[in-house]
Amino acid sequence: MSDRKDKLKNLKTSSVDRRLSIVKASFLAGTRWATSNASTIFSSEEEKERKRKKALKEQAEYLVNEIGKLKGSIVKIGQMMALYGEHFLPEEVTQALNTLNNQTVALEWNAIKTQLIAELGDKLNELEIDPEPIGTASLAQVHRAKRKSDGLEIVLKIQYPGVADAIDSDMNLFKSMLKLTHIVPQTREFDQWFEEVREMMHREVDYKIEAATTRRFAEYLKDDSRYIVPQIIDNYCTPQILCMTFEQGVPVNSPEILALSQHKRNNLAEAALDIAIRELFEWGEMQTDPNFGNYLVRMSPSDTQPDQIVLLDFGAIRQFDQTLLKVAHALIKAGYEHDLSMMTNAMTGYDFFDLIPVGIKPDMAKVFLLATEPFSSLENNPDIPQGVIDLQNRYHWKQSNLHSRVMQRASKSMASRYFSVPPKEFMFISRKFIGAYTFMTVLDAQTNVRKLLQPFM
């Protein structure tokens, strides 16, 4: 946590101030870009490419540094673009944008208290609030509190003043910045993605939606002791404050979790996978932000009770239509059966797949088969590397090196250009499973994924 001298006194939410800052940064970056291009006129093609990448990296880092100074929604936009934009943003840009995750300086308590008074009024007197936040983000920060009447421990997610109203202006500023600096090709696909990010931003600051989603997932999981969902406390919820019970736990990548027995780590990993599968096959809606900060683990004091996953954030829930779900189910079933023709035939009924030439589909299907390798078995998949799946069909995630193999196969595929900008819905699902796969790898887990999928096959 940042010390007091690092905290912000207030946010620069004035559209005029933010526009001036971005325009100035964009102009300077654009000038740098033009100067860099002029300096390569007489260079070889190889030297031009090397200098281009170096200039792009420097330009992106400069812009991200300027964005980070503004905080608020424009930082969140950058974070979302880094998370979902790898298919249309240059690698140098996504690497720079990823550093925004570390630029979450807290707002000073006086500014937060002013916001609390405006939102809660006299109800604020019912609470004892710790002025030091337990979590900070680009749009809000979280403070622990206690209800005086009964000692109930709660948390308040307090939205920064003015950030919701600044979203559309910030989105337009961000897009103008990308245009002025020429670091992203302006295409129809990019425009569609940008509008999707805009919608996601507006959903994320709508705490009424997040409260309803939290309750819905609590209902889904009420009979499953492997999960904990915080309870919403309506009395202290407002359009810019979300109040819920405080739930104890430790980060999923903490030393305490990594020191657990193989059995316990496997159980946690299966719980993480199981919820992703149920989201797709039962509920039709999914938490699409794979950030580890959205989860905690509450460790059980005994071996007879399961360790529990605490689900903290429901601001990035995405609902899917039945057409998409039908295609996704067919693709996963094809991976379960490890059947190339079944995978190829599953790639239909959705514009993205229907527009791909028939001759290209088998090549793309091979990439999907590799990505779904954990769903297959030794009996139906002779290509599984030795030692990756044991005789109990437990998949050894860390040993598999699966993500690297999929990326390598996809880059060499004849269908690689069709992966350039996949439909946003598939990207959300893909991101969810990449997050789950990373969770498995960090835990060094060994899980029987087929057992989890079998009820839906």
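Just above sits the structure.
Residues numbered from 1 in each chain as written. Predicted model: local features only at pLDDT ≥ 70, side-chain atom pairs only at ≥ 80, totals over all residues. Heavy atoms only, no water.

*Asks:* Teacher, can you tell me more about the packing of aromatic side chains here?
*Replies:* Under the definition given, this model contains 10 aromatic pairs. With a centroid separation of 5.2 Å and an interplanar angle of 45°, the aromatic rings of Phe 217 and Phe 314 are classed as tilted. Placement of Phe 217 in helix 8 (residues 207-220) and of Phe 314 in the loop between strand 9 (308-311) and strand 10 (317-319) is noted, with a sequence separation of 97 residues between them. Each member of the pair, Phe 217 as well as Phe 314, carries the same accessibility label: buried. Between Phe 433 and Tyr 437 the ring centres are 6.4 Å apart and the planes differ by 75°, which places this aromatic pair in the edge-to-face class. Here Phe 433 and its partner Tyr 437 are both found in helix 17 (residues 424-442), 4 residues apart, which amounts to about one turn of the helix. Comparing Phe 433 with Tyr 437 shows no difference in burial state: the two are buried. (Phe/Tyr/Trp six-rings, centres within 6.5 Å; stacked < 30°, edge-to-face > 60°. Helix = DSSP H or I, 4+ residues; strand = E, 2+ residues; numbered from the N terminus. Buried < 20%, exposed > 50% of the residue type's maximum accessible area, 1.4 Å probe, protein only.)

*Asks:* Would you explain helix 17 in this entry?
*Replies:* It helps to recall that an α-helix has 3.6 residues per turn; residues three or four apart then point in one direction. Spanning 19 residues, helix 17 covers 26 Å between terminal C-alpha atoms, matching the ideal 27 Å at 1.5 Å per step. Asp 444 sits one or two positions beyond helix 17 and adopts a positive phi of about 50°. (Expected span 1.5 Å × (residues − 1).)

*Asks:* Please clarify how unusual backbone geometry should be interpreted in this entry.
*Replies:* Residues apart from glycine generally show negative phi values, whereas peptide bonds are mostly found in trans. Notably, His 338 is not glycine yet its phi reads approximately 50°, a positive angle. The residue His 338 is located in the loop between helix 11 (322-337) and helix 12 (340-346) in this model. If you check the backbone angles, Asp 444 has positive phi at about 50° while not being a glycine. Tracing the chain through its elements places Asp 444 in the loop between helix 17 and strand 12 (446-447).

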